[in-house]
Every structure is written in structure tokens, then in C-alpha cells.
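Here is how the chains run, residue by residue.
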Amino acid sequence: MPVNYTVQAEVVDIRSDAPKNDDIFLVDINAWYWYTYTNASISFRPYQITEYPSYIAKAISANSLLLYCGLSLAELAHNIEQTEREIFSSTLKSKEYRHNFPTERAKVVAEVQAA
């Protein structure tokens, strides 16, 4: 039997919304990626590196509460590692990249910690 969820949230158009002090946002992993990851602009659609970061910055300036799901960090770390691996070498497997290139691994860890 499928689960019957009742979502009590409002989806906003970030292109026209102005965050307020009493707003609470559950920030999607993609928005965190585009806002925090320095190499996100290597492969992007224009709105991803302009609209997401701009809206999050506005929310921070407005002192809105930004929340995330704890599982999002694992997904963010995976996405950052995958992008860094592609930049370094498109032929390496993930485990080979992770274990055989400690300098590259340190860069990934630093990016994830900064995020």
C-alpha cells in the first residue's frame, strides 16, 4: 500500500520571491551545490549559477532560517567528488580516484567541509 503524505509546504518562485526574516526554507541539495561549490560553474545552466546562489544569499541577508536534510550532505559530497574526479580524469573509477590520489582527495574533503 503506498504511503499517503500530506505536504504542508509552499513552493515559491525564487525569481520573484523576496525572503523574509520569518521564512523557513528546506534547501534542496542542488541549491547548496550551486551556492557553495567553487567548481559548480564548470558544467551548468545559466540559472543554476545565478538564481540559486542569489536567492540563498537574499535569504541569509534576511535572516531566514535555512534547513537541510542530514542525508543531503552525503549527496552533496558525492556530487562534489564526482565533479572533481571528472575534472582530474574522466577515465578513473571513483574508488581509484578516492584511494590513489591523496592530494585530490584532500581537495574534495576541503570542498565538502567548506560547503
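Residues numbered from 1 in each chain as written. Predicted model: local features only at pLDDT ≥ 70, side-chain atom pairs only at ≥ 80, totals over all residues. Heavy atoms only, no water.

S.K.: Teacher, can you tell me more about the nonpolar core here?
M.R.: One recurring pattern in soluble globular proteins is that nonpolar side chains are buried together. In terms of nonpolar packing, the biggest core is built from 11 residues, these being Ile29, Tyr33, Trp34, Tyr37, Ala40, Leu76, Ile80, Leu92, Tyr97, Val108 and Val112. If you list the elements that add at least two residues to this core, you get α1 (29-36), α3 (70-88) and α5 (102-114). Look past the residues within four positions of Ile29 in its chain and what remains in contact with it is Ser72, Glu75 and Leu76. Counting 7 residues, the second-largest nonpolar core is a separate cluster that includes Phe25, Val27, Ile56 and Ala59. (Core = buried A, V, L, I, M, F, W, Y, C linked by side-chain atoms within 4.5 Å. Buried < 20%, exposed > 50% of the residue type's maximum accessible area, 1.4 Å probe, protein only. Helix = DSSP H or I, 4+ residues; strand = E, 2+ residues; numbered from the N terminus. Contact = heavy atoms within 4.5 Å.)

S.K.: Please explain the environment of Asn63 as it appears in this structure.
M.R.: Mapping Asn63 onto the fold places it in the loop between α2 (46-61) and β2 (65-67). Expressed as a C-alpha distance, the spacing of Asn63 and Lys20, which sit 43 residues apart in the sequence, is 7.3 Å.

S.K.: Explain the side chain of Glu111 to me, please; I cannot follow it from the model alone.
M.R.: Relative to the elements of secondary structure, Glu111 occurs in helix α5. Although Glu111 is buried, it makes no salt bridge; Lys107 carries the closest opposite charge, 7.8 Å away. At 2.5 Å, the side chain of Glu111 and the side chain of Thr38 are in polar contact. (Lys, Arg positive; Asp, Glu negative; His and termini not counted. Salt bridge = Lys/Arg side-chain N within 4 Å of Asp/Glu carboxyl O. Polar contact = N/O pair within 3.5 Å; in protein donor to acceptor, adjacent residues only side chain to side chain.)

S.K.: Looking at this structure, I do not really get α3. What am I missing?
M.R.: Each α-helix turn comprises 3.6 residues. Residues three or four places apart therefore point the same way. Over its 19 residues, α3 runs 28 Å from end to end, which matches the ideal 27 Å to within 8%, given 1.5 Å per residue. Taken as a whole, α3 has its buried residues at Ser72, Leu76, Asn79, Ile80, Glu81, Thr83, Glu84 and Arg85. Buried residues in α3 make contact with α1, α4 (94-100) and α5. (Expected span 1.5 Å × (residues − 1).)

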